[in-house]
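Chain by chain, the residues run as shown.
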Amino acid sequence: MNDGVKTIGVLTSGGDAPGMNAAVRAVVRTAIAYGCQVKGIQKGYSGLLEEEIIDLYAGSVSDIINRGGTFLYTARCEEFRTEEGQRKGAEICRKHGIDSVVVIGGDGSFQGARKLAAHGINTIGVPGTIDLDIACTDYTIGFDTAVNTAMEAIDKVRDTSTSHERCSIIEVMGRNAGYIALWCGIANGAEDILLPELYNYDEEALIDHIIANRRRGKKHHIIINAEGVGHSTSMAKRIEAATGIETRATILGHLQRGGSPTAKDRVMASVMGAYAVDALMGGKSNRVVAYKDGKYVDYDIEEALAMQKELDPFQYSVAKILAR
Ligand code: ADP
Ligand code: F6P
């Protein structure tokens, strides 16, 4: 056990994700089980610099495992990107007796954690983002809930799309990554899936596909468009003009980020949060928790940030074959 770890701070940073609360709860209760004190740093690095720091006890995290969002709040903070901001953050940690921080967030938040570690604070990152775009891990907290939320919404759009015999373009989140789009594409049986990683912007081919499907008797044509491709509204206008088929665009937006986390997100978040504290107590710092090939592991933050991840081409080919 690492005697140098006495007070653990925990923060959520970047876009919120369902399951972040479960991760915070796991950090708090695991740390307490080790005999440590725990402090909640509110509003990510922004709250750190503003010293918005609260004491957390086992009871402070009661009744949050089932709640979406993050009860610690989250933020993006430009000041923390500067050397000055990072030094100030580390000093504030020391002032509050915080020797270690668990950072729950995405790649950007891990960059911040790395800087905090360079200024002498032990840090461990926990992957929390609906986008699934962290290369070192096969799973990120929030993805399962977001996909299920989007899937249910797309089912509803599909109902009305069929009734009106329309084409529907539904835009899902994911920043520059197409994981949510690909998963929904398969789960919703979409006719087309446009992914930033793979879409060749051949709109004529898309239009030909819509016309061919209509001739075959398909009553709707669902296109799942990833945020990274974007432009759903203008695309809908062009498709309607070219095909003569009424076309509507629906941008699902932030509803995908909220809601009660699924069992998978609660469990993954709980295990990853506990793992982060175990790692600190085992003397580790500057590491990211990951779920890789069916196991919970950890990587050096720099190594993790340098990794590349690709969409599974087999999964994409299956989506295409099934969309007939
Ligand atoms: P995510 O963690 O979801 O990828 P962001 O990329 O918005 O979200 O990053 C969240 C926050 O992490 C930023 O607002 C900033 O405070 C901090 N951060 C991001 N990049 C860096 C960096 N290079 N150095 C220090 N802090 C960073
Ligand atoms: O990273 C999560 C995410 O929801 C992305 O999918 C999206 O691009 C972005 O955050 C939206 O950010 P904001 O909440 O600032 O609009």
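Residues numbered from 1 in each chain as written. Chains lettered and ligands numbered in written order. Predicted model: local features only at pLDDT ≥ 70, side-chain atom pairs only at ≥ 80, totals over all residues. Heavy atoms only, no water.

Chemist: Lay out the overall build of the protein chain in plain terms, naming residues and giving numbers.
Modeler: Scanning the protein chain from N- to C-terminus turns up eleven helices and eleven strands. Over its C-alpha trace the protein chain gives a radius of gyration of 22 Å, about what one expects of a compact globule, namely 20 Å for 324 residues. Taken over the C-alpha atoms alone, the protein chain extends approximately 70 × 35 × 35 Å along its principal axes. Here the protein chain, with 324 residues, has 53% of them falling under the buried criterion. Pairs at least 24 apart in sequence give 74% of the contacts found in the protein chain among residues at least 6 apart. (Helix = DSSP H or I, 4+ residues; strand = E, 2+ residues; numbered from the N terminus. Rg over C-alpha atoms; globule rule 2.2 N^0.38 Å. Buried < 20%, exposed > 50% of the residue type's maximum accessible area, 1.4 Å probe, protein only. Contact = heavy atoms within 4.5 Å.)

Chemist: Explain the UniProt feature "binding site: Mg(2+)" (unreviewed entry) in the protein chain residue by residue, including any values.
Modeler: Using the residue numbers shown here, the UniProt feature "binding site: Mg(2+)" (unreviewed entry) corresponds to Asp107. Looking at where Asp107 falls in the secondary structure, it is placed in helix H4 (residues 107-118). Exposure remark for Asp107: the relative accessible area of 32% places this residue in the partly exposed category. Leave out the neighbours within four places in its chain, and Asp107 touches Asp133, Ile134 and Leu305. (UniProt positions renumbered as here; feature names shortened; annotations may be inferred.)

Chemist: Residue-level account of the environment of Asp3, with values.
Modeler: Here Asp3 lies in the segment before strand S1 (7-12). Overall, the relative accessible area of 59% leaves Asp3 in the exposed class. Separated by 302 residues in sequence, Asp3 and Leu305 place their C-alpha atoms 29 Å apart.

Chemist: Lay out the packing of helix H6 (residues 179-187) against helix H11 (residues 313-322) with the relevant residues and their values.
Modeler: Orientation of H6 relative to H11, taken along the N-to-C sense of each, is 35°, at an axis distance of 9 Å. Our pair here, H6 against H11, has a crossing hand that is left-handed. In this structure, H6 contributes Leu182, Trp183 and Ile186 to the contact, and H11 contributes Gln315, Tyr316 and Ala319. Within the contact of H6 with H11, the residues separate by chemical class into five nonpolar, one polar and no charged. (Axes fitted to C-alpha atoms, helices over the stretch in contact; angles between N-to-C directions. Left-handed = near helix turned anticlockwise from the far one by under 90°. Nonpolar A, V, L, I, M, F, W, Y, C, P; charged D, E, K, R; others polar.)

Chemist: With reference to specific residues and values, describe the packing of aromatic side chains.
Modeler: By convention here, two paired aromatic rings are described through the distance between centres and the angle between planes. Summed over all chains, the structure comprises five aromatic pairs. Taken together, a centroid distance of 4.1 Å and an interplanar angle of 5° make the contact between Tyr45 and Phe80 stacked. Taken together, the residues Tyr45 in helix H2 (residues 44-49) and Phe80 in the loop between strand S3 (53-56) and helix H3 (83-95) connect sequence positions 35 residues apart. Each member of the pair, Tyr45 as well as Phe80, carries the same accessibility label: buried. Here Tyr291 and Tyr296 contribute two aromatic rings whose centre-to-centre distance is 4.9 Å and whose plane-to-plane angle is 55°, an arrangement assigned as tilted. The class for Tyr291 is partly exposed, based on a relative accessible area of 23%. (Phe/Tyr/Trp six-rings, centres within 6.5 Å; stacked < 30°, edge-to-face > 60°.)

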